[in-house]
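Fold and geometry: a report
Given next are the chains, with one letter for each unit.
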Amino acid sequence: MAKSSSSDTPPHVADMIERRWRGDTLSEIGAAHGLTRERIRQLLKKHGGPTGQDVRERREARDLEEQRKREAAVAAAVRDALDQRTAKTVVEVAEVTGFDSADVSKNWPQDLDYLRLHAPGNYDYQWSDEAILDAIREAALYEFPLTTKDYGELLSQGQVQGPSMPRIWQRFGSWTSACEAAGVVPGKTMRSHYESRWSDDDLLQIARQYLLDPNVPTSARYFDEWRRTVAPDGPSFQTLRNRFGSWTEVKRRALAQGGQTT
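Residues numbered from 1 in each chain as written. Predicted model: local features only at pLDDT ≥ 70, side-chain atom pairs only at ≥ 80, totals over all residues. Heavy atoms only, no water.

What follows is about helix α7 (residues 129-140). The terminal C-alpha atoms of α7, which comprises 12 residues, lie 17 Å apart, in line with the 16 Å expected from a rise of 1.5 Å per residue. Within α7, the full set of buried residues consists of I132, L133, A135, I136, A139 and A140. Each buried residue of α7 sits inside an arc of 155° when the element is viewed along its axis, so together they form one side. Buried positions along α7 lie against α8 (148-157), α9 (165-172) and α10 (175-182). (Helix = DSSP H or I, 4+ residues; strand = E, 2+ residues; numbered from the N terminus. Expected span 1.5 Å × (residues − 1). Buried < 20%, exposed > 50% of the residue type's maximum accessible area, 1.4 Å probe, protein only. Arc of directions from axis to C-beta. Contact = heavy atoms within 4.5 Å.)

Right, dumping it as structure tokens:
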């Protein structure tokens, strides 16, 4: 790196050196002083001004420091948004913090990853509550009483146009609740007696235990493996999904159920 300008550096050259450190080009400095680009380069070299490499390195260091500060600010804002230990999607946190979703996703604190909800695809959100109930009513014209299996088969066959079962569970909490809202008699599948072994609270408590276990990932794919070791008599991941519709909904409810953690 070139040496710093000394106290006997002419004032106009000192200004050139200061401008160069700020990132001004040789042409910009020359225009300000009425000199050619080459003359500016000569004066900078003679009086220990920065080289082009010096300027680039300082700019890169400054940009890196600004990036680190921004990342730290985003991470701190995400922590504040999650201070009640309530699970949220990246979009929800972005709306609270005012930062871009990409920044929020990139700088989400690793130790709070269990609070990150992955938003489901938007394809199912075209269905309003009334449209969902209309789809159930239409399906009931074909099958009585109407089970989830019947509804799924009617969807796959194209006999009925409607939302997926996870969307119905997410909105109404259960198949029975959705059918009651639609004025339709719900049928029971062969698995219903098995799933009824656990109340919603039972299922959410064990899901919360898994999510807060520091020794395991919080991905849905590892739940059954964890359950076989920690709670062999507990419900399977499929049971949780059947009851609540999606892992995102399980996380949201389970983490909200326990309030703030220590």
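Our next topic: the nonpolar core. The biggest cluster of nonpolar side chains holds 32 residues, and the ones touching the most others in it are W108, F223, L240 and W247. Of all the secondary-structure elements, those providing two or more residues to this core are α4 (52-81), α5 (90-97), α12 (200-211), α13 (223-230), α14 (237-244) and α15 (247-257). Top element by residues in this core is α12. It accounts for 6 residues. Residues within four places of W108 in sequence aside, it is in contact with V78, L82, K88, T89, V90, V93, D113, L115 and R116. Membership of the second largest hydrophobic core comes to 20 residues, among which are W127, I132, I168 and V184. (Core = buried A, V, L, I, M, F, W, Y, C linked by side-chain atoms within 4.5 Å.)

To continue, consider α8. Among all positions in α8, only D150, Y151 and L154 are buried. Across the axial projection of α8, the buried residues extend over an arc of 100°, all falling on one side. Opposite its buried face, α8 presents the exposed residues K149 and S156, each directed more than 90 degrees away. Looking at the buried side of α8, the elements it contacts are α7, α9 and α10.

Quick look at a negative patch on the surface now. A surface patch of negative charge is lined by E57, E60, D63, E65 and E66. Following the sequence through the fold, E60 ends up in helix α4. Using a relative accessible area of 54% as the deciding quantity, one classes E60 as exposed. (Patch = residues over 30% accessible without salt bridge, like charges linked within 9 Å, V, L, I, M, F, W, Y side chains within 5 Å. Areas by Shrake-Rupley, 256 points an atom, 1.4 Å probe, with all protein chains shown as cover. Salt bridge = Lys/Arg side-chain N within 4 Å of Asp/Glu carboxyl O. Lys, Arg positive; Asp, Glu negative; His and termini not counted. Charge placed at Lys NZ, Arg CZ, Asp CG, Glu CD.)

Time to look at the side chain of D24. Secondary-structure assignment places D24 in the loop between α1 (11-22) and α2 (26-33). What makes D24 buried here is its relative accessible area of 18%. If we ignore the near neighbours within four places in the chain, the residues touching D24 are R19 and I29.

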